[in-house]
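Below, each chain spelled out in residue letters.
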Amino acid sequence: MHQPDETTSLQSSEKTPFEQAWEVYCTTINSSQNKKVKFIEKCSQFASEWRDPAAAINEAITEAESQDYQKQSRKMVRTYLLPFMNALTGFTGIVDALTTLHPIASIVWGCLKVAINSLDQCARLFETIHSELVSLGDHLENIAAYGDLYQKNKKMQRILCNAYINVIRFWHRVDKECAKSGPKLGTPFSTKKLGGIISDMHEDTVKIEKCACLLGAQESRDECRANQVARREAEQERIRAEEHRRFQRELDEEHKLVTVLNRLPSKSLNEQCFARQEKNLRGRSQITCQWLFSHDEFLQWQNDPSSPPILWIHGPPGSGKSTLCSSAIEFLAKSSGSDAVIFHFYDFAQHLSPEQILSILAEQLLLQYRQRLQRIPDELQKIITAPESLLERVQNVIKVLIRGYSRVYFFLDGLDEETTTKSSWDDAVLVLRFLAKLMDDSPTRVRVWCSSQRRDCISKGLQGCRSLDIDGYARSDLALYLSEEVSKLQCSSPPDQASILDTLKSRAECSFIWAKFMIDALGKCWSTTRMENILKELPETLVEYYRRFFERLEKPHRPLACKVFALVIFARRPLRLEELTEAVWCLESEPQKELQHKAKPNANSIRTIVQPFIEFINTNSTNDSSTGEQYTCRILHSTLRDFLVDHPGILCDNSSDLRISAEWPALACLRYLGQSRYSGLLVRREGRWLDVTGDPVDCHPLLVYAAKYWDKHLDDITTADIGSVESFITSPNFRTCVQVQSLWVEAQFSFFSRPNESHGFNMYVRRVFPSWFARAETGPGQRLWTDYRRFLHEWIYFLSCEQCGGEKTCEILPYVGQLDRIWFGALGPNNFLSRLEGKCTSFAFQTDVDSGEVQYVFDAVSEAGDEIMILRIQASRPDTCFRDNRPSILQCSCESWILSKQHLPKLQNKQTIQLTTSSCNWDLYAEPVVDPVLQKGKAAPAAFGPDCQTLRIGTQLYRRADNGKFVALLELHYLCDLSSMYIEEFACHRQFLVLTSRTNISKGDLKVPRNEEDREGDEDENLEDPQVEGDELDEDPEDEDSSIAIASDSEGDELDEDSEDEDSSIETASDSEDSGNESTSEGSTSSSVDFELEDDILPPWANHFGNEDTDTDNESCRSFDIGGFGVEIDAEDRDDISDSMEDLGSSSDEDNAIPSEVFDDNLFRDEEQHDWEGLSSKHAKKRKARATITVFDTQSCTRLFRLRQPIKCRLFASPPVFHPTKSLVVWPLADGDVLFVDYLAKSYFNRRLQPSTPNTGHVLMKIHFSECGEFLHIATLEAQGKAPELKKDSEPLPPIKLAVLVCTYRLSRRKTARSPPQQIHRIKLALGQTTRLHVSKMPFTFTWTSKDLYFSCSGKALQVYRIPLFNTTEETAGEELPPVWTPRKPFFLPHSASNRAVYYFPPADKSDKEKLPARIVIGSDFAALKDIEPNEAEEEYGVLLMKRVIGHSFGRKGEFHPPVGCYVDEDTILGGWVDSHARANILQDRGVGHLDPRMPMERFNPDDDCDLEPFIY
């Protein structure tokens, strides 16, 4: 048997055992061995055709042997020879016995036996081959299986390689034997060699089995070891998982802790409390305060649950009350174990609100709770984010936390420091009342410590509580303290020490601060004599000591000392040393100029002059702008502050008036903010904000303090210069101040809420102007405050960007602080902020003259965006009207504004129109109707035409003359009584006028019917012509109203005489002309196949959607902001109106808001639903809804066309449109029906626009003709809802998806008005979803150009989409639709833009002489306001109650906000146009957007159509 060498095996380790064996076998063949070479070639040929070469070769050998086995010679051997040989073999033993007796017979028999054996071997050779080949297949499968199983075991691979070599040898021997013939057949040599090969193969089988058993045992052992290792690893993994879960729990608890702490306004305040506690303990003598812990009052308060829970410690100034409080805190914290000890030190230098103080207590409780229980109550997160006031939320947090303690001690020290003002004491009372409520709820759990000087208000507030006067105990402690300190003095003898001690005791009484001053003075003496002299020189009282210090202050140092003490005492919070230095520097420099470097004071000089009365506390921290330590400046003791407040002129003399007053910090703030370097906005470069000189503002330490507190310091001044305050507010520096507040003053522009008497909440913002300035009856204060309030209302969302928490999706965050993005010019020319410049030129369509009070405001923008019309209406009823029961008078002011180049808008025309309410049927539009369905989408009382050339006031129509004035179109033009009509939409083209309506509202539908007197007055007024004041019309005499001839109409003027059950009717001015619905012509206009859509050939009556309730749009669009209309959408999107002003801007027009349930009835049409009424049962009307269209020729005074047709559902804001050159009017009816009217030929036809998705209805449909008149564009706002199903009243409204489908059609050139348009382009824009939409004031606008449609959405940020109207040939060939474009960069709009129409107009064509840049125009706004006067406490709190918007309805007294606009550069400001990824896929082969003729539906008849049969499958 051949054995491969080790080297060959290792070299071929990456090959399979068979491949290795094949290579080894081939290397043993010489070139002279032709038969073996041919055998190798044949095997290679077989192996190349199979994935398993061994099985392929074996099969080929087996087949060859089988063919040889079937040969005739082989059959004869099997048939005759083998039986004969078997029989002979049975007699060989007998013959052997007989031949042994005869020698010659033995020789003969031996020869015969050899022949017989040869024949036997020959006969049995092929039987052996055949049987071995049968079993060889299984053998090869076993070898292959072992090879796969032990691929990495080299020993097994060697055994398998040898096994394959023997198999190949066997194959070769079989092939060789099958090829033999004649005498060589079945030679003994061949039989012996074959037997050896077979023996080797059997040995291979045994070796493989033995190796497999050995390897199996090894694997069992390895598996056991692996199991042990796995168990150890599992145990370690379990430990790690447990540690991870514990870490995750800790992380979750830490996250909850951080979440709650971030909601508490106590940042850095607790650090001050802890620092105050440490300072008191460091300055305490260890032998003092020990009497407290054995005092009965304290012990009963601590241990007796039935004792009063409040302990009031009171004593004279400087008697050590704060030190005693700190000692009690330390004692209870060490001895109470699981009890909580919470404390706060009131400070006269920093007044805190009740919310801040309770937040300090809540934070300490929370930290101790977390440290003790290692968890945070789950309900805290819900409480801290509840829709309640901050005060209530913090109180609820404390209530929850104290449940986890058996005893909670609250320490409040320095209550007397809050009695300086009434508002501060009221805040302290709020805290005490809350703690008293806690004690009432948990009398055994809550204990409160209060320490203060004795004040009448405190005594009254704590009446009935346990009190302890520490006067006597303080004297005892003071004696101990003095004894200890005197013993440290360098005195000659004990009698001298006793004498000094007696003197000190008598003078100090119970004032530790006075005692310390005297000890410090004696400590500087070098002898007993000097000490005695010092004692004689020292004053008798602390007040005299203060007086002597200031009187002895050197005269050159007094100006500096006056400023420093005034700044420190009257500061709103403790100043840092660098802030104090900067403030003094500002006061020493000239006003409104840069700080003179020579005037900068030295910090060491300041410290030398004012010490020891001002402490400089090291805060042990550094920042980016400082390399040394920082110090906080604090007055030494409240007694010194009281002295300086009572003696402000202590530093005055005959030559100077150095009064220590609040005027110094107020003057410092105003001067600092008024520097020329703040005359422009700060600019951010390389991560740092720079002023106009390029100096980083982080090197201006006083900037943030001055920006935050300048108005608060002015509140403290009784006589202030109003002129200086006005000068600062109206200067550009004020905008920089607002910028600083926005960047670095926390919650400066946040909203605050406080409960009101009606159990609601009033919204507040922080006050910015001094209270006396805004309230002054004379002067500019009230006007400036109103202007600023207007600015704040529009842009507070931009200034308060920090409210978003730094979310990555926040669009404002990258632009925070960039106030040049604000539309200052849009605030109006009368607003003092409008003079400030920004990145873009903004403006308001308003004159300098106040327009006065208005009740109704309407506006319109021309299609080109270069003209804006504004109509203001004031309804008045003079006394004579009351006496005579005459109708009210409408005073109308109409303005026309023009935009040209980049100039500010110019008032082109202003016209006054006066008419009565009865002459124009005003009440039909202004008064609400009974039926809520009719109220939805009701026409406005007045409106302009799309081209701004026509005007409707009530039912009275006006057209624009050549001089720009509007001229009334009298009723004689229409041959009917306009007062009986209800006009919704209208359009005018040359002399042709079209009036349309989809509802018919009469006076009987109004909620408030008119009385008989008014009706009589109406009849009298019907003959009155509207009066138009202004210039005379500059037009030809033929166009005068008086010269218009009256044409008779044989069919009458009344439009309501048609039969209600008639499907449609048409009336024309001529009886001889046929009119009606006609079959349309295909026209002759050739169209390119490249522009045809593939599904236009579908039959229009096919059911394209069936009952599928699936949306196959695959809308991968980003959400868009429609939150101003009561919408909640997913935030990936953006999220938009989420601030506190949402309800202020979106609470209007609730009567006109259509919820999604109304869409289910009035907009959605199920393709399977044949019997549908369009209105729900609860809104069902007794009469059918009908659409009416009437076309007039105002020049010939004839009515050309009229059609009335029933409609199934509503469509809003979808006016008719005239063709620019042909006699064609296109008007969207409803349910996708589009009416095409040839008003000169008196013919019409309908086409139905297929929606793009199932269960989809049309909200509005805008139609536009190209300038050449060859193309028709239709933009449809679609609303997709779920399939109709029963909904409970308690369930929320299901959302509806909004989308815009834009289609372009080619019109026939020859038969434009008769041939249906052919669709050549369509594209869909997904908008997101909503549950409510105001159809009377749509939040979308459409701007048409020759190539694109600009679709704009109302919102605080510009949301405009550029939708292409055509496909290019290349794009169509590539089967790719053009994308929908949107600006790359965000562009922010005023907040009220969420409730106003936002128009976007691209730059005008370059061929225009006066090219207009891209511009944004925002429509007018009318807000009815309710004034709520803030009380005194609220004003002292430093907030300003905003005027609350109670509605945007017309007819109320309120504020009129005119249209505003802004010029933008599309490349630099908007960043160009990019793919919005908002284009949605359109269902293929559904006829979407195709204008199909409506086919009649066969309705299901339950009586005749119920011919049923069983459904088997």
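What you see is a predicted model; the values in this text were computed from it and never measured.

A. Spatial organisation of the overall build of the protein. Helices and strands together make up the secondary structure of the protein, namely 39 helices and 51 strands. Every one of the 1513 residues in the protein was classed for burial, and the buried ones make up 51%. Pairs at least 24 apart in sequence give 70% of the contacts found in the protein among residues at least 6 apart. With an accessible surface of roughly 71,500 Å², the protein has 49% of that area assigned to carbon and sulfur atoms.

B. Highlighting the sheet that holds strand β1 (residues 310-314). Taken together, the five strands give an open sheet; going across it, the order is β2-β3-β4-β1-β5, and neighbouring strands pair in parallel fashion. Of all strands in the sheet, those with a lone pairing partner are β2 (340-345) and β5 (466-469), marking the two edges. In this sheet, adjacent strand axes meet at a mean angle of 15 degrees when their direction is disregarded.

C. Expanded view of the pattern of salt bridges. Taken as a whole, this structure holds 37 salt bridges when the rule is applied. Between R576 and E579 there is a salt bridge; the shortest N-O distance is 2.9 Å. Judged by its relative accessible area of 27%, R576 is partly exposed. Residue E579 is classed as buried on the basis of its relative accessible area of 1%. A salt bridge links E794 to R790, with the nearest nitrogen and oxygen atoms 2.8 Å apart. On the criterion of helical spacing, the pair formed by E794 and R790 is a turn pair, its members being four residues apart in helix α31 (residues 781-799).

D. The arrangement of the nonpolar core in detail. Counting residues in each nonpolar core, the largest one holds 147 residues, and the members touching the most others are F565, W710 and F1387. If sequence neighbours within four positions are ignored, F1387 has contacts with W823, C840, A1357, L1358, I1416, C1462, V1464, I1469 and L1470. Within the second largest apolar cluster, 71 residues are counted, among which are L261, F410, L415 and A428.

E. Representation of the packing of aromatic side chains within the structure. Taken as a whole, this structure holds 64 aromatic pairs when the rule is applied. Through a chain of ring-to-ring contacts, the aromatic side chains of W710, F728, F734, F769, W772, F773, Y788, F791, F824 and F832 assemble into a single cluster. In this structure, R952 is placed above the aromatic ring of Y925, and the distance from its NZ or CZ to the ring centre is 4.6 Å.

F. Fine view of the packing of helix α21 (residues 542-551) against helix α25 (residues 638-646). Where α21 contacts α25, the two axes come as close as 11 Å, and the packing angle between them is 65 degrees. α21 and α25 meet at a crossing whose hand is right-handed. Contact residues: α21 offers L542, V543, Y546, R547 and F550, while α25 offers T639, L640, F643 and L644. Class assignment for the residues of the contact of α21 with α25 results in seven nonpolar, one polar and one charged.

G. Region of the structure containing the environment of C1303. Looking at the secondary structure, you find C1303 in strand β35 (residues 1296-1306). Along the primary structure C1303 and L1272 are separated by 31 residues, whereas in three dimensions their C-alpha atoms are 8.3 Å apart. Discounting residues that sit within four places of it in the chain, C1303 has contacts with L1272, H1273, I1274, Q1319, H1321, R1322 and G1489.

H. Fine view of the pairing of strand β15 (residues 889-898). Here β15 lies mainly inside the structure; eight of its ten residues are buried. The pairing of strand β14 (residues 867-876) with β15 spans ten bridges and is antiparallel. Following the sheet pairing, L871 is matched in β15 by C894. With ten bridges connecting them, β15 and strand β16 (residues 906-916) associate as antiparallel partners. Note on β16: the bridge partner recorded for S893 is T912.

I. Spotlight on the sheet that holds strand β20 (residues 966-969). Spatial ordering of the open sheet is given by β17-β18-β19-β20, a layout of four strands whose pairing is antiparallel. Either end of the sheet is taken by a strand with one partner, and the two such strands are β17 (942-944) and β20. Across this sheet, the average inter-strand angle for adjacent strands is 25 degrees, counted without regard to direction. Two elements, strand β19 (residues 956-960) and β20, share four bridges in a ladder whose sense is antiparallel. Note that in β20 the partner of R959 across the bridge is V967.

J. Broad picture of the confidence of the model for the protein. The pLDDT averaged across the protein works out to 77; a share of 74% of its residues lies at or above 70. Of the regions scoring below 50 in pLDDT, residues 622-626 engages in four contacts with residues more than four places distant in sequence or in other chains. pLDDT under 50 marks residues 1424-1453. Its contacts with residues more than four places away, or in other chains, come to 84 contacts.

K. Layout of α25. All of the buried residues along α25 are S638, T639, L640, R641, F643 and L644. Elements that come into contact with the buried residues of α25 comprise α21, α22 (558-570) and β7 (631-635).

L. Seen up close, the pairing of β5. Burial along β5 is one-sided: R466 and L468 are buried, while S467 and D469, pointing the other way, are not. Judged from the four bridges that link them, β1 and β5 form a sheet pairing that is parallel. The residue bridging W312 from the neighbouring strand is S467, located in β5.

M. Spatial organisation of unusual backbone geometry. In the segment running from Q611 into P612, the intervening peptide bond is cis, with an omega of 10 degrees. The topology assignment puts P612 in the loop between α24 (603-610) and β6 (614-618). Although it is not a glycine, K901 adopts a positive phi angle of roughly 50 degrees. Turning to its location among the elements, K901 is positioned in the loop between β15 and β16. Accessibility expressed as a relative area gives 39% for K901, which makes it partly exposed.

N. The arrangement of the packing of helix α23 (residues 577-588) against helix α26 (residues 663-673) in detail. Contact pair α23 / α26: the axes reach a minimum separation of 9 Å and the direction vectors enclose 80 degrees. Comparing their axes, α26 and α23 come out roughly perpendicular. Of the residues in α26, those touching α23 at E582, A583, C586 and L587 are W664, L667, A668, R671 and Y672. Of the residues that constitute the contact of α23 with α26, the class distribution is seven nonpolar, no polar and two charged.

O. Main features of the side chain of N831. By secondary structure assignment, the location of N831 is in the loop between α31 and β12 (842-844). When its relative accessible area of 3% is taken as the criterion, N831 is described as buried. Here N831 is in contact with D787 and R790, once residues within four sequence places are set aside.

P. Just the state of the cysteines, in detail. The final tally for this structure, using the stated rule, is zero disulfides. In this model C450 remains outside any disulfide bridge; the closest cysteine sulfur is found in C465, 7.4 Å from its own. For C450, a relative accessible area of 0% gives the class buried. A disulfide-free cysteine, C894 has its sulfur positioned 8.9 Å from the sulfur of C892, the nearest such atom. A relative accessible area of 4% places C894 in the buried class.

Here is what the cut-offs are and how they apply
What you see as residue numbers is a count from 1 along each chain, following the sequence as written. Side-chain atom pairs in this predicted model are given and counted only at pLDDT of 80 or more, local residue features only at pLDDT of at least 70, and totals for whole chains, interfaces and linings cover all residues. Remark: hydrogens and water are excluded; side-chain values derive from all non-hydrogen atoms of the structure. Helix and strand assignments follow DSSP, with helices taken as H or I runs no shorter than four residues and strands as E runs no shorter than two, numbered in order from the N terminus. Note on exposure labels: buried denotes an accessible area under 20% of the residue type's maximum, exposed denotes more than 50%, and partly exposed covers the range between, all computed with a 1.4 Å probe on protein chains only. Contacts are residue-level and defined by heavy atoms, with any inter-residue pair within 4.5 Å sufficient. Exposure was quantified through the Shrake-Rupley algorithm and a 1.4 Å probe, taking into account, for residues, occlusion by the shown protein chains and nothing else. Here, any two strands with at least 2 DSSP bridges between them count as paired. Each axis is a line fitted through C-alpha atoms, and for a helix only the stretch in contact is used; angles between axes span 0 to 180 degrees, taken between their N-to-C directions. The salt bridge definition used is simple: a Lys or Arg side-chain nitrogen within 4 Å of an Asp or Glu carboxyl oxygen. Here the nonpolar core consists of buried residues drawn from Ala, Val, Leu, Ile, Met, Phe, Trp, Tyr and Cys, with membership extended through side-chain atoms lying within 4.5 Å. Centres within 6.5 Å make a pair out of two Phe, Tyr or Trp rings, where for Trp the six-membered ring is used; the pair is then stacked when the planes are under 30 degrees apart, edge-to-face when over 60, and tilted otherwise. Put simply, a charge is over a ring when the Lys NZ or the Arg CZ is close to the ring centre, within 6 Å, and near the line of the ring normal, within 35 degrees. Each crossing is labelled by how the near helix is turned from the far one, with a counterclockwise turn of less than a right angle marking it left-handed and a clockwise turn marking it right-handed. All residues other than Ala, Val, Leu, Ile, Met, Phe, Trp, Tyr, Cys, Pro, Asp, Glu, Lys and Arg, Gly among them, are scored as polar; the first ten of these are nonpolar and the last four charged. The quantity called pLDDT is the predictor's confidence in a given residue, expressed from 0 to 100. In what follows, roughly perpendicular refers to angles from 65 to 115 degrees, roughly parallel to angles under 35, roughly antiparallel to angles over 145, and oblique to any angle outside these ranges. Cysteine sulfur atoms that come within 2.5 Å of each other are treated as a disulfide pair.

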